[in-house]
Amino acid sequence: MSASLVGSEMCIRDRYKFDFSKSKYVLNIHEMTSKTTMLSDVDFITATEKEVIFIEYKNANIANAKNPDAMLNKTNTEAFYKKIARKYYDSLFIFWACDKNEKNMPIIYILLIEHPMMDKKIRKMLKEKIKKQLPFNLKDERITRTIISDFDVCNLEEWREKFPYFSITPA
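Here the structure is a predicted model, which means the values were calculated and not measured.

1. Points about the pattern of salt bridges
1) Next: For the coordinates displayed, the defined rule picks out nine salt bridges.
2) Next: A salt bridge links Asp-90 to Arg-86, with the nearest nitrogen and oxygen atoms 2.9 Å apart. Note that Asp-90 and Arg-86 are positioned in helix H3 (residues 78-97) at a spacing of four residues, about one turn of the helix.
3) Next: For Asp-90, a relative accessible area of 11% puts it in the buried group.
4) Next: Between Asp-140 and Arg-142 there is a salt bridge, with the nearest N and O atoms lying 2.8 Å from each other.
5) Next: Taking the relative accessible area as the measure of exposure, Arg-142 reaches 67% and is therefore exposed.
6) Next: Salt bridges here are not isolated pairs; linked through shared partners, they connect Glu-56, Lys-58 and Lys-87.

Shown next, in the form of structure tokens:
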């Protein structure tokens with residue numbers, strides 16, 4: 001996949017299939033951002049008729065995960081919060097450069113994270129810590145584009161409730 005519009009798409013990431021066939025498009029910018037060490041990227045950018053969704057996916061709840069506790073420990077660090085926020089900023093830069101949000105739709109950022117020990121309370125704490133790093137308070141009349149509308153941290157079950165039209169199943 002490239003940074004072009006890919007259309008209806010099945011994407012595989014960490015042994016899971018993401019079905020974006022009901023989306024307007026799915027954008028995977030990793031190929032573009034991997035050409036430089038300066039940019040980070042979210043895993044997928046997709047859109048419905050009403051919103052754009054940036055998705056960062058982390059899963060330590062898969063069979064034969066090498067070191068699932070490393071991810072859990074990492075999520076307790078400020079470096080993790082900043083890295084997840086940076087993925088949004090860098091991806092937004094590329095998204096705007098590709099001129100994909102022609103209707104200036106709301107942009108939602110989702111950290112989809114799975115770990116056997118990560119409960120709702122930990123996800124809520126992650127949301128609060130990461131949200132502080134994101135540009136929710138950046139408001140000025142000179143800003144004419146949507147920068148960010150919402151951010152959430154959810155597991156696969158919560159994802160299915162919020163976005164039932166984008167299924168995620170084991171590959």
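More follows now that the structure is in view.
2. Comments concerning H3
1) Next: With 20 residues, H3 should reach 28 Å at 1.5 Å per residue; the first-to-last C-alpha distance of 29 Å fits that figure.
2) Next: Turning to H3, its buried residues number three or more, namely Phe-80, Tyr-81, Ile-84, Ala-85, Lys-87, Tyr-88, Asp-90, Ser-91, Leu-92, Ile-94 and Phe-95.
3) Next: After H3 finishes, the residue Asp-99 shows a positive phi value of roughly 55 degrees.

Here is what the cut-offs are and how they apply
- Residues numbered from 1 in each chain as written.
- Predicted model: local features only at pLDDT ≥ 70, side-chain atom pairs only at ≥ 80, totals over all residues.
- Heavy atoms only, no water.
- Salt bridge = Lys/Arg side-chain N within 4 Å of Asp/Glu carboxyl O.
- Helix = DSSP H or I, 4+ residues; strand = E, 2+ residues; numbered from the N terminus.
- Buried < 20%, exposed > 50% of the residue type's maximum accessible area, 1.4 Å probe, protein only.
- Expected span 1.5 Å × (residues − 1).

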